[in-house]
Amino acid sequence: MLRSFVAAFPGRHGSLAARGVAVSRPHLITNAQHPRRRCISTNANSDLVVSILGPPNAGKSTLFNRLMDKEANRAYKLGSEKRKGAKMRSTGRIGYRSPSKRSGGAIVTPVAGTTRDRRECVGRIGGTYFRLIDTAGVDGEKIDVAFGKRGRTSMEGAMIRQTLEAARASDLILLMFDARVGVTSDLEETIRWLRKIKHNPNSGSTSDEDEEPENEVHSPDEHREIVILANKLEGDRWASREDGRVLDNLAEVARAGFGEPIPISSEHGEGMVDIAVVIERLTREKRRRMGLPEDPDEDRSKDNNNQMKPLQLAILGRQNVGKSTLVNALLGEERVISGETPGLTRDSISVPWLWKKRPVQIVDTAGIRRGVKRERSNEIEDLAVLDAMRAMKLADVAVLVLDAQARYIQRQELAIADSVVREGRALVVAANKMDLIVDAEYTKSDFRDAVQEQIEIRFPMLRKTPVVAMSSLHGDGVYKLMPVVFKARERWARVIPTGMLNRWLVEVLDEHSPPMQDGRPTKIKYILQTKGRPPTFLLFCNVGELPVNYLRYMTRSFQDSFDMFGMEVRLVVKKSAAENPYDGQSRRNTTTGIGGRQGRKKRAVATLKKTGKPLRKKHKARHYKKR
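Rules of the game
Residues numbered from 1 in each chain as written. Predicted model: local features only at pLDDT ≥ 70, side-chain atom pairs only at ≥ 80, totals over all residues. Heavy atoms only, no water. Helix = DSSP H or I, 4+ residues; strand = E, 2+ residues; numbered from the N terminus. Buried < 20%, exposed > 50% of the residue type's maximum accessible area, 1.4 Å probe, protein only. Areas by Shrake-Rupley, 256 points an atom, 1.4 Å probe, with all protein chains shown as cover. Phe/Tyr/Trp six-rings, centres within 6.5 Å; stacked < 30°, edge-to-face > 60°. Pairing = 2+ DSSP bridges. Core = buried A, V, L, I, M, F, W, Y, C linked by side-chain atoms within 4.5 Å. Contact = heavy atoms within 4.5 Å. Axes fitted to C-alpha atoms, helices over the stretch in contact; angles between N-to-C directions. Parallel < 35°, antiparallel > 145°, perpendicular 65-115°, else oblique. Left-handed = near helix turned anticlockwise from the far one by under 90°. pLDDT = per-residue confidence, 0-100. Salt bridge = Lys/Arg side-chain N within 4 Å of Asp/Glu carboxyl O. Expected span 1.5 Å × (residues − 1). Patch = residues over 30% accessible without salt bridge, like charges linked within 9 Å, V, L, I, M, F, W, Y side chains within 5 Å. Lys, Arg positive; Asp, Glu negative; His and termini not counted. Charge placed at Lys NZ, Arg CZ, Asp CG, Glu CD.

A. Focus on the overall build of the protein. Looking only at helices and strands, the protein features 18 helices and 15 strands. Residues counted as buried form 50% of the 627 residues belonging to the protein. Carbon and sulfur atoms make up 49% of the accessible area of the protein, which totals about 32,900 Å².

Next up, the structure:
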């Protein structure tokens, strides 16, 4: 068997030839054929669902980042930090190191068990789009804990349940392992666990209820396929080594019953063609079973034209304030890991969701602590904070979750609110854990007024920021959050007509005219809106700058007139052209008069400077009368 296995690796396609799959390169598309896709449909009914499973530290998140379609998963961002000449406030107590250049993918570190939640995105390989899921590492200890008495309350049990849901919802399971290490006890437990899921999808459930969420579509087990990936095999030297340790490991894994493994290197991108062939074949088979055209681009273009852009919602806050519990309460399921232990969430988990038939992309982020309280030897927390700040920059609305038990807003939470405003996002405050306030005289309205007052003292532009009091653990008041969020997004994206803006400007100038500058009266001629999201307006004046206190007065009046609360209104001053278009140009006639002595002298001096020769005198012809 070993000799036949070595013969199956003349190149990178031997394993697929042994499976009986016709090896051909997938159809690679060009940018001219397909323009940028901002909203790619991830409907599980038509798209192939691919999940990546395996033992800890096998390279799952690295493969996840490589298969992620960066263009489909990214959204616009303001980029205010890159504007030239922009006055930046201090970043407060939000600081993080940037040990590596990341583009929004999963957190990758050498530490085993870095990934905890299941993370979904739009994947793309060649011209095939699919739904990609990254999962936590599966080992024997976690499985024993998950299916034991402590499985319902422990973090390990929650991680295994998330991985189980990913496996049950998948059409294709990519089982990864480190080919240099070989078959370990964790890999054997994972293989044994996958056999149970493949033959009986409900065998791994830790609950007695078999009900599934409405938005979760599980593929039939007879069509589910499991492919083993032998990771960390760069180049071809491993196939010609004398000891043959890697080949022995591959031969041992091939006895698992899932076919021969595909050698890949997720870090260097080797072996991706083999994965592309499998994904493209399964995508066509699934669409054929559903009666859809095999080419997904035919109906994908129709979906993109009719698809509404989802609301990007980021959940921010300190550690252990109930962000993950709030996300689970909104979704109505245990989608992300939550618990009393601070710092459970690491990756920013983005979940597509429909609220009253309106699409929402809700993102659960890691808790943001002060930089001095973080462990500098471990970069995982810094990467988690970096991922949380990136989610904030890509959001339309940011929800700042507070711990109502503290009864006042913390300095760290003020720093987070400052970052939200500086980036130009809309802000909504969620006062969580209101059920822990035992004082009957201290009501929800009292806490809301106190939070709004503290925010207004620190940031006057954030006065009257909407505050929603709730208890996400018991579901009290959670239903009030989403209407407030959608109203905030409508205000944030509002486009005001120019006529209405200039009528408001006339009223403001009549009430308080701008102060004089350099002895000249300041004139604000007109105003227009240059962009929304965030609302930005251009003031045309006869001066280059306006006093800061007068801009604050205009901002306050603007927020009261147009209900622009919970966001920063940007008023940009632009000096208009002077009234006289010829001002500053030299006049042609600078003499004191025709034939004047001073004029002749000036012309002579100018000619001498220009040519170096004196001006010739013009003699007039004398006419004599005939006598």
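B. Here's a closer look at the packing of aromatic side chains. Counted by the stated rule, this structure contains seven aromatic pairs. Summarising the aromatic geometry, the rings of W355 and F486 are spaced 5.2 Å apart at their centres and angled 20° between planes, so their arrangement reads as stacked. With W355 in strand β8 (residues 349–355) and F486 in helix α15 (residues 481–492), this pair connects stretches of sequence that are 131 residues apart. According to the relative accessible area criterion, W355 is buried, its value standing at 15%. When the centroid spacing of 5.3 Å and the interplanar angle of 85° are considered together, the rings of W504 and F558 count as edge-to-face. Linking W504 in helix α16 (residues 498–511) with F558 in helix α17 (residues 548–562), this pair joins segments that are 54 residues apart in sequence. Looking at W504, the relative accessible area reads 4%, which means it is buried. On the accessibility criterion, F558 (0% relative accessible area) is buried. Counting every residue linked through ring pairs, the aromatic cluster contains W504, F537, F558 and F562.

C. Main features of the sheet that holds strand β4 (residues 172–178). Spatial ordering of the open sheet is given by β2-β3-β1-β4-β5-β6, a layout of six strands whose pairing is mixed. The two strands at the open ends of the sheet, each matched to only one other strand, are β2 (119–125) and β6 (262–263). Bridge count for strand β1 (residues 48–53) against strand β3 (residues 128–134) is five bridges, and the pairing is parallel. Of the residues in β3, the one forming a bridge with L48 is F130.

D. Quick peek at the nonpolar core. Ranked by internal contacts, the top residues of the largest apolar core, which has 52 residues, are L313 and M554. The greatest single-element share of this core, amounting to six residues, is contributed by α15. Leave out the neighbours within four places in its chain, and L313 touches V360, Q361, I362, V363, V397, V399, M482 and V485. With 30 residues, the next largest nonpolar core counts L316, I409, M434 and A450 among its residues.

E. Highlighting the packing of α16 against α17. Running from N to C, α16 and α17 cross one another at 130°; their axes reach a closest spacing of 11 Å. In terms of orientation, α16 lies oblique with respect to α17. Regarding α16 and α17, the two cross each other, and that crossing is right-handed. Residues M500, L501, W504, L505, V508, L509 and E511 of α16 form the contact with α17, whose own contacting residues are Y550, Y553, M554, S557, F558, S561 and F562.

F. Structural context of the sheet that holds strand β7 (residues 311–317). The six strands lie next to each other as β8-β9-β7-β10-β11-β12, forming an open sheet whose pairing is mixed. Each of the sheet's edge strands pairs with one partner strand only, and the pair in question is β8 and β12 (467–469). Each adjacent strand pair in this sheet contributes to an overall mean axis angle of 25°, direction not counted. The pairing of strand β11 (residues 426–432) with β12 spans three bridges and is classified as parallel. Note on β12: the bridge partner recorded for A430 is V468. Against the sheet, helix α11 (residues 323–331) contacts β7, β8, β9 (358–364) and β10 (397–403), and its axis sits at roughly 160° relative to β9.

G. Representation of the confidence of the model for the protein. On average, residues of the protein score 77 in pLDDT, and 73% of them are at 70 or above. For residues 1–44, every residue scores under 50 in pLDDT, and the model assigns this stretch 104 contacts once sequence neighbours within four places are set aside. Ignoring residues within four places in sequence, the model shows residues 75–93, a span with pLDDT below 50, making 45 contacts including any to other chains.

H. View of the pattern of salt bridges. With the rule as written, the count across this model stands at 22 salt bridges. In this structure, the salt-bridge partner of R119 is D347, at a minimum N-O distance of 3.3 Å. In this pair, R119 is assigned in strand β2 and D347 in the loop between α11 and β8, connecting sequence segments 228 residues apart. The exposure class assigned to D347 is buried, which follows from its relative accessible area of 4%. Connected through shared salt-bridge partners, R118, E120, R131 and R335 make up one network.

I. Summary view of helix α18 (residues 597–611). Taking 1.5 Å of rise per residue, the 15 residues of α18 would be expected to cover 21 Å, and the 21 Å separating its terminal C-alpha atoms lies within 8% of that figure. Just downstream of α18, G612 is the residue with a positive phi angle, here 80°.

J. Molecular detail of a positive patch on the surface. Judged by side-chain charge, R370, K373, R411 and R458 come together as a positively charged surface patch. Within the fold, R411 resides in helix α13 (residues 411–422). Taking relative accessible area as the criterion, R411 reaches 57% and is therefore assigned exposed.

K. Focus on the pairing of strand β15 (residues 570–575). Looking at chain direction, strand β14 (residues 536–541) and β15 are connected through six bridges and run parallel. Following the sheet pairing, L539 is matched in β15 by V573.

L. Structural detail: the environment of I455. Relative to the helices and strands, I455 resides in helix α14 (residues 444–458). In this structure, the C-alpha to C-alpha distance between I455 and E413, residues 42 residues apart in sequence, is 9.8 Å.

M. Just the pairing of β11, in detail. Most of β11 is tucked away, with seven of its seven residues classed as buried. Of the two faces of β11, the one holding A426, V428, A430 and N432 and the one holding L427, V429 and A431 are both buried throughout. In the sheet, β10 pairs with β11 via seven bridges, with the strands oriented parallel. The partner of V399 across the bridge, within β11, is V428.

N. Layout of α17. Taking 1.5 Å of rise per residue, 15 residues should cover 21 Å, and α17 covers 21 Å from first to last C-alpha, within 8% of that figure. All buried positions along α17 are accounted for by Y550, Y553, M554, T555, S557, F558, Q559 and F562. Among the structural elements, α16, β13 (524–531), β14 and β15 are those in contact with the buried residues of α17. At the C-terminal side of α17, D563 shows a positive phi close to 60°.

O. Molecular detail of a negative patch on the surface. Residues D446, D449, E453 and E456 make up a contiguous surface patch of negative charge. Along the chain, E456 falls in helix α14.

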